[in-house]
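Secondary and tertiary structure notes
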Amino acid sequence: MSDGRLLVIALVFAPLSLMSFGGGQAIIADMQHQTVDIHHWMTGPEFADFFALSRAAPGPSTLISALIGWKVAGPLGAIVATLAIYIPSSLAVYGAVRWWHARNDSPWRGALERGLAPVAVGLVFAGAVAVMQAAHVNALQIFTTLLAAGLLIFTRIGIYAIMAAAALVFALLQWL
Amino acid sequence: MSSESSTERTSVSLLSLIMVFSRVGITSFGGSTAAWLYRELVQRRGWLDEEHFVTALTICQVLPGANPVNLSIYVGSQLRGGIGGAAAAFGMVMPPFCIILMLGYFYSRFGGSPVAHAVLGGLAAVGVGMTLFIGVKLAGQVRRPIPILIAVAIFIAVGVLRWPMIPVVLVLTPLSIAVQRWLIPKKSA
């Protein structure tokens, strides 16, 4: 609730904003590292729960920052974290779009587009590993992860049907 | 192009930008935002043509930031300049922001129960599966040896060795762009 905490929240999320090439998946690994290992704002399993909430909710997955901000410094923390995670990248996009339209034929344009792709791919897979480590996953969860990925890649089953099925199965197994 | 966007500019009010993006923000889950925006912006309202939309999508995917928010900034600023971008992004983020805080409240009340924890464990597993799916989709664009090497190096450094991401990205991103600029011949368009 002190200003110091709000400042730290902004300083954690604003740089992550500019690093989230390819979307929020890219920064999950570092977000987990910062909030759990460096600042000790929460435990690994708690972070994994927040990740699950942000995935189940509508909107961009980077809204996990709102949950973390709330946990650290209440409502103001949620607002500061959300502004910090979106404003820097949004300004970059605004600038880039203007630049893009001014330079239709620059050879840098294609190089930039293709050069960022491998960075995004590496970071996305690193993010998947980070969340699995944070959650101390069991065999059933690993199976669920692979099954969900397979269904999404090879079928047209929607993410919500998969999530509902997983929630039901995990709840039933807990009751039994 | 500029005359086209200036006619678009006058026809869309800031309020309707906020309303349209709010509706997409609240109805789109996990990676489906682009599909919803396509339906709303291209098919239903004709604010953008299809080609323009695909360009926007590509740019927004490679730049940092959440893709739905980037698309809002792009489309909003195309239609109404900087203030339009801000209005669209506000519309996209505000409703889900309120919803996730409500979910967070319920979590803080009931998150301790074993069943709630088990359900979240299942949802997190699916969430990781979705992350893998997005990674596989993106990986389709990385076909040549050096870019694959760069992707693997970033994965090992950040995902396995747990090196801090920012320095890793700051070193390897310019390298990756330089490789594309000078070493790899441009694909025929």
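Everything below is about the structure printed above this text.
An account of the accompanying structure is given in this report.

Parameters at a glance
- Residues numbered from 1 in each chain as written.
- Chains lettered and ligands numbered in written order.
- Predicted model: local features only at pLDDT ≥ 70, side-chain atom pairs only at ≥ 80, totals over all residues.
- Helix = DSSP H or I, 4+ residues; strand = E, 2+ residues; numbered from the N terminus.
- Buried ≥ 20, exposed ≤ 12 C-beta atoms within 10 Å, placed from the backbone.
- Contact = placed C-beta atoms within 7 Å.
- Axes fitted to C-alpha atoms, helices over the stretch in contact; angles between N-to-C directions.
- Parallel < 35°, antiparallel > 145°, perpendicular 65-115°, else oblique.
- Left-handed = near helix turned anticlockwise from the far one by under 90°.
- Core = buried A, V, L, I, M, F, W, Y, C linked by C-beta atoms within 7 Å.
- Nonpolar A, V, L, I, M, F, W, Y, C, P; charged D, E, K, R; others polar.

Remarks on the overall build of chain A
When helices and strands are counted, chain A shows 7 helices and 0 strands. Scanning chain A from its N terminus toward the C terminus, one meets helices and strands in the order α-α-α-α-α-α-α. Its C-alpha atoms give chain A principal-axis dimensions of roughly 60 × 50 × 25 Å. The buried share of chain A, reckoned over its 176 residues, is 55%. For chain A, the proportion of contacts with a sequence separation of at least 24, taken over those separated by at least 6, is 61%.

Some details on the packing of helix 5 (residues 107-134) of chain A against helix 7 (residues 145-160) of chain B
Put simply, helix 5 of chain A and helix 7 of chain B touch, their axes get as near as 8 Å, and they point 30° apart. The orientation of helix 5 of chain A relative to helix 7 of chain B falls into the category roughly parallel. Note that helix 5 of chain A runs across helix 7 of chain B; the crossing there is right-handed. Within the contact between the two elements, helix 5 of chain A uses Pro118(A), Val119(A), Val121(A), Gly122(A), Leu123(A), Phe125(A), Ala126(A), Val129(A) and Ala130(A) and helix 7 of chain B uses Pro147(B), Ile150(B), Ala151(B), Val152(B), Ala153(B), Ile154(B), Phe155(B), Val158(B) and Gly159(B).

Section: the nonpolar core
Judged by nonpolar contacts, the single largest core of 119 residues is most densely connected at Ala120(A), Val131(A), Ala124(B) and Ile154(B). With 17 residues, helix 4 (residues 64-102) of chain A is the single largest residue contributor to this core. Apart from residues no more than four positions distant in its own chain, Ala124(B) is found in contact with Ala48(A), Phe51(A), Ala52(A), Val131(A) and Ala135(A).

Examining the interface of chain B and chain A
Contact with chain B, which involves 82 residues of that partner, is made by 88 residues of chain A. When residues of the side of chain B that touches chain A are traced back to their parent elements, those giving at least two are helix 2 (14-27), helix 4 (50-62), helix 5 (67-110), helix 6 (114-139), helix 7 and helix 8 (165-183) of chain B. Classifying every residue of the side of chain B that touches chain A by side-chain character gives 54 nonpolar, 25 polar and 3 charged.

That's the geometry; what it means functionally is another story.
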